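A look at the structure
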Amino acid sequence: LGTLALAWGSSYLFIKIGVETLPPLSLVALRVLVGFAVLLVVVAATRTPLPRDLGTLGHLAVLGAVNIAIPFWLIGWGEQHISSGLTGILQSTSPFFTLVLAATFIHDEHVTRGRVAGMALGFLGIFVLSAPDLADLGTAAGVQRVLAQLAVVLASLAYATGNTYARRTLRETRPLVLATGQVGWALAIVLVLAFVVDGGITLPAVPQAALAVGWLGTIGTGFAYVVYFRLLSGWGPTRASLVSYL
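Residues numbered from 1 in each chain as written. Predicted model: local features only at pLDDT ≥ 70, side-chain atom pairs only at ≥ 80, totals over all residues. Heavy atoms only, no water.

1. Notes on the side chain of N67
Let me state the cut-off plainly: Here a strand is any run of E in DSSP of at least two residues, a helix any run of H or I of at least four, and the numbering for each starts at the N terminus. By definition in these notes, contact holds between two residues if any of their heavy atoms fall within 4.5 Å.
Within the fold, N67 resides in helix α3 (residues 54-78). Excluding anything up to four places from it in sequence, N67 contacts V62, A158, Y159, G162, N163, Q182, Y225 and F229.

2. Observations concerning the packing of helix α2 (residues 24-46) against helix α8 (residues 175-197)
We apply this condition: For helices, the fitted axis covers only the stretch in contact; all axes are lines through C-alpha atoms, and the angles between them, taken along N-to-C directions, range from 0 to 180 degrees. Roughly parallel refers to an angle under 35 degrees, roughly antiparallel to one over 145, roughly perpendicular to one between 65 and 115, and oblique to any angle outside these ranges. Whether a crossing is left-handed or right-handed is set by the direction in which the near helix is turned from the far one by less than a right angle, anticlockwise for left-handed and clockwise for right-handed. Any residue that is not Ala, Val, Leu, Ile, Met, Phe, Trp, Tyr, Cys, Pro, Asp, Glu, Lys or Arg is counted as polar, Gly included; the first ten are nonpolar and the last four charged.
Taken N-terminus to C-terminus, the directions of α2 and α8 make an angle of 150°; their axes are 8 Å apart at the nearest point. With respect to their mutual orientation, α2 and α8 come out roughly antiparallel. As for the relative orientation of α2 and α8, their crossing is left-handed in sense. Residue-level inspection shows L25, V28, A29, V32, L33, G35, F36, L39, L40, V42, V43 and T46 of α2 in contact with α8, the latter providing L176, A179, T180, V183, G184, A186, L187, V190, L191, L193, A194 and V197. Counted by class, the contact of α2 with α8 contains 20 nonpolar, 4 polar and no charged residues.

3. Focus on the side chain of S94
Looking at the element boundaries, S94 is found in helix α5 (residues 94-105). If sequence neighbours within four positions are ignored, S94 has contacts with S156, Y159, A160 and S244.

4. A look at α8
Filter applied, for reference: Given a helix with a known number of residues, its expected span is that number minus one, times 1.5 Å.
The terminal C-alpha atoms of α8, which comprises 23 residues, lie 32 Å apart, in line with the 33 Å expected from a rise of 1.5 Å per residue. Where α8 terminates, the next one or two residues include G199, which has phi positive at roughly 80°.

5. Things to note about the confidence of the model for the protein
Stated formally: Each residue carries a pLDDT score, the predictor's confidence in it, ranging from 0 to 100.
Per-residue confidence for the protein gives a mean pLDDT of 87; residues scoring 70 or more make up 93%. When mean pLDDT is taken per element in the protein, α2 scores highest with 95 and helix α6 (residues 113-134) scores lowest with 73.

Right under this line is the structure:
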């Protein structure tokens with residue numbers, strides 16, 4: 001859990017660096033491309049068989065959209081207007097959403113008073129941190145910042161939905177297969193979106209952007225998702241989502 005927190009926590013900084021010179025969808029596409037390449041190398045080295053049945057492929061496609069393509073895009077867009085630190089803090093709403101969704105749709109996930117109290121306290125903290133921008137809604141900049149914060153919170157909801165869906169539908173699937181399958185589908189989805197929305201992919205023009213893509217692809221995507229799905233399969237979505245608080 002600590003290793004995953006380091007991998008994903010640092011990602012917010014590199015996203016901020018990346019979107020300074022790259023459109024969000026281009027950054028996401030390049031990040032996911034590098035991550036997918038890393039995962040394919042691991043799959044080949046471990047001789048892990050990938051699924052071919054339509055049911056599993058369909059579930060992985062849903063995860064690719066909900067767990068990667070949509071939240072990565074929302075976070076990238078949001079970080080154009082708010083700091084990476086605030087983005088990371090707003091992402092800590094994910095355990096709150098996961099608690100509710102997992103308890104609703106997964107039979108062995110339960111809502112306890114301790115969990116509710118902890119999540120409520122965390123959610124209150126998010127509100128306090130966002131209060132200054134909520135009070136500044138009278139300006140265009142204030143509205144933009146609030147919309148950016150809302151985008152990050154929606155990304156948290158997408159993560160919570162994806163994690164619960166994975167636990168419910170692909171509980172017995174190997175972590176490496178989960179990671180590789182959804183990253184592959186996410187790459188296909190984001191490439192289409194980048195060409196539809198931005199007219200294509202913008203490549204890094206400065207060393208900082210190239211470093212951001214490399215870090216986000218290898219550490220924040222390829223490595224992190226293998227670690228995360230091992231946690232998800234062993235701990236369940238509610239406990240695994242606590243990485244957002246770290």
